[in-house]
Amino acid sequence: RAPVVVAIDGPSGTGKSSTSKAVAAKLGLRYLDTGAQYRAITWWMLTHGVDVNDAAAVAEAAGRPAIVSTTDPAAPGITADGEDASGPIRTQEVTAAVSAVSAVPAVRSRITELQRSIAASAPEGMVVEGRDIGTTVLPNADLKIFLTASPEARAERRGGELKAKNGQADLAATQEALLKRDRADSSRAVSPLLKADDAVEVDTTELTLEQVIECVVTLIVEKQ
Ligand code: C5P
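Everything numeric in this text was worked out from a predicted model, so none of it was measured.

Caption draft 1: Region of the structure containing the overall build of the protein chain. A tally of regular secondary structure across the protein chain gives 9 helices and 8 strands. By the compact-globule yardstick of 17 Å for 224 residues, the protein chain fits well, its C-alpha radius of gyration being 17 Å. Summarising its shape, the C-alpha atoms of the protein chain cover approximately 50 × 40 × 30 Å along the three principal directions. Burial statistics for the protein chain: of 224 residues in total, 42% are counted as buried. For the protein chain, the share of sequence-separated contacts (at least 6 apart) that also reach a separation of at least 24 residues comes to 77%.

Dropping the structure here:
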């Protein structure tokens, strides 16, 4: 089997992470969560006094922290300058700030370069999930998937995750925050969230996670 590189893109709440991790584990591939990289650099900036709404300050700091991802789908993790960022990157504070940071071109070019070198160093192949993997980061990926779902389904899933974690969730607020982030990610000037022309679109609204995983596994196996 030749190593296979799979790009999985789409907006928040479509099951990208759960699907990507499960597919990678099933097929013995590495896994890269590129959203975690943007979150980690955002977290580092928030904790190091960088004004995340000041694009010039963000650009100036873009190269400072070392961002290291663990690509084992069974134990994905991330550090910023050696500090474990896996927990803090999921806070509301980071979620609210990440779109502004990731829209800054200096941040994107730095993280994109990092993503390409990680993908190139996985002889067994890799599932890379994000927003611009098929369009910008890995335009030559063997397979590109674009996951979608209705806004209601996406808010419900994200709300369910937050509830499982914190024991509470305001669904309306969750939906609003999620749509706001997607609007920002879709409308930024540099590599916005976009379906690549040659991506396979999978609408997950009516599918269970198991069905989405099965569908993606089938698409990959057909390619190999
Ligand atoms: O996937 P996740 O929700 O963790 O991504 C967090 C944020 O990181 C997104 O809202 C987006 O602003 C940014 N991102 C990006 N490009 C990617 C992956 C994530 O701009 N490839």
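Once the structure has been displayed, the description carries forward.
Caption draft 2: Broad picture of helix H5 (residues 105-120). Taking 1.5 Å of rise per residue, the 16 residues of H5 would be expected to cover 22 Å, and the 22 Å separating its terminal C-alpha atoms lies within 8% of that figure. Along H5, the residues classified as buried are Val 107, Arg 108, Ile 111, Thr 112, Gln 115 and Ala 119. Down the axis of H5, the buried side of the element spans an arc of 120 degrees, and every buried residue falls inside it. In H5, the exposed residues that point more than 90 degrees away from the buried face are Glu 113, Ser 117 and Ala 120.

Caption draft 3: Structural context of the sheet that holds strand S8 (residues 200-203). Strand order in this open sheet of 5 strands is S2-S6-S1-S7-S8, and the pairing throughout is parallel. Across the chains shown, the open sheet's two edge strands, defined by having one partner strand only, are strand S2 (30-33) and S8. Along the sheet, successive strands turn relative to each other by an average axial angle of 20 degrees, direction set aside. Bridge analysis of strand S1 (residues 5-9) against strand S6 (residues 126-130) gives 5 bridges, and the strand direction is parallel. Paired with Val 6 across the strands is Val 127, a residue of S6. Each of S1, S2, S6 and strand S7 (143-148) touches helix H1 (residues 16-27); the most contacted strand, S6, lies at about 175 degrees to it.

Caption draft 4: The arrangement of the site of the ligand in detail. Taken together, 14 residues form the shell around the ligand, and within it Gly 35, Tyr 38, Ser 102, Gly 130 and Arg 131 come nearest. At the level of elements, helix H2 (34-47), helix H4 (92-102) and helix H8 (171-187) are the ones that each hand at least two residues to the shell around the ligand. At 4 residues, the largest contribution of residues to the shell around the ligand is made by H2. Considered class by class, the residues forming the shell around the ligand number 3 nonpolar, 6 polar and 5 charged.

Caption draft 5: Looking closely at the UniProt feature "binding site: ATP" (unreviewed entry) in the protein chain. Mapped onto this numbering, the UniProt entry annotates "binding site: ATP" (unreviewed entry) at Gly 10, Pro 11, Ser 12, Gly 13, Thr 14, Gly 15, Lys 16, Ser 17 and Ser 18. In this structure, Ser 12 sits in the loop between S1 and H1. Take Ser 12: there are 21 C-beta atoms within 10 Å of it, and that puts it in the buried class. Apart from the residues within four sequence positions on either side, Ser 12 is in contact with Arg 154, Arg 158, Leu 178, Arg 181 and Asp 182. Relative to the assigned elements, Lys 16 resides in helix H1. Judged by local crowding, Lys 16 falls into the buried class, with 23 C-beta atoms found within 10 Å.

Caption draft 6: Quick look at the nonpolar core. Within the largest apolar cluster, 28 residues are counted, with the highest numbers of intra-cluster contacts made by Val 6, Met 126, Val 127, Val 128, Leu 138 and Ile 145. Looking at this core, the elements that each hand over two or more residues are S1, H1, S2, S6, helix H6 (133-137), S7 and helix H9 (209-223). The contacts of Val 127, once residues within four sequence positions are left out, are Val 6, Ile 8, Ser 20, Val 23, Ala 24, Leu 29 and Tyr 31. Of all hydrophobic cores here, the second largest spans 22 residues; its members include Ile 41, Trp 43, Met 45 and Ala 62.

Caption draft 7: Representation of the sheet that holds strand S5 (residues 83-84). Pairing is antiparallel in the open sheet, where 3 strands are placed in the order S3-S4-S5. A strand with exactly one partner marks an edge of an open sheet, and here the two such strands are strand S3 (67-70) and S5. When S3 meets strand S4 (residues 77-80), the two strands line up antiparallel, connected through 4 bridges. Note that in S4 the partner of Ser 69 across the bridge is Ile 78. Strand contacts of H2: S3 and S4, with the helix running at about 30 degrees to S4, the strand carrying the most contacts.

The rules behind each value
Residues numbered from 1 in each chain as written. Predicted model: local features only at pLDDT ≥ 70, side-chain atom pairs only at ≥ 80, totals over all residues. Helix = DSSP H or I, 4+ residues; strand = E, 2+ residues; numbered from the N terminus. Rg over C-alpha atoms; globule rule 2.2 N^0.38 Å. Buried ≥ 20, exposed ≤ 12 C-beta atoms within 10 Å, placed from the backbone. Contact = placed C-beta atoms within 7 Å. Expected span 1.5 Å × (residues − 1). Arc of directions from axis to C-beta. Pairing = 2+ DSSP bridges. Axes fitted to C-alpha atoms, helices over the stretch in contact; angles between N-to-C directions. Near = placed C-beta within 6 Å. Nonpolar A, V, L, I, M, F, W, Y, C, P; charged D, E, K, R; others polar. UniProt positions renumbered as here; feature names shortened; annotations may be inferred. Core = buried A, V, L, I, M, F, W, Y, C linked by C-beta atoms within 7 Å.

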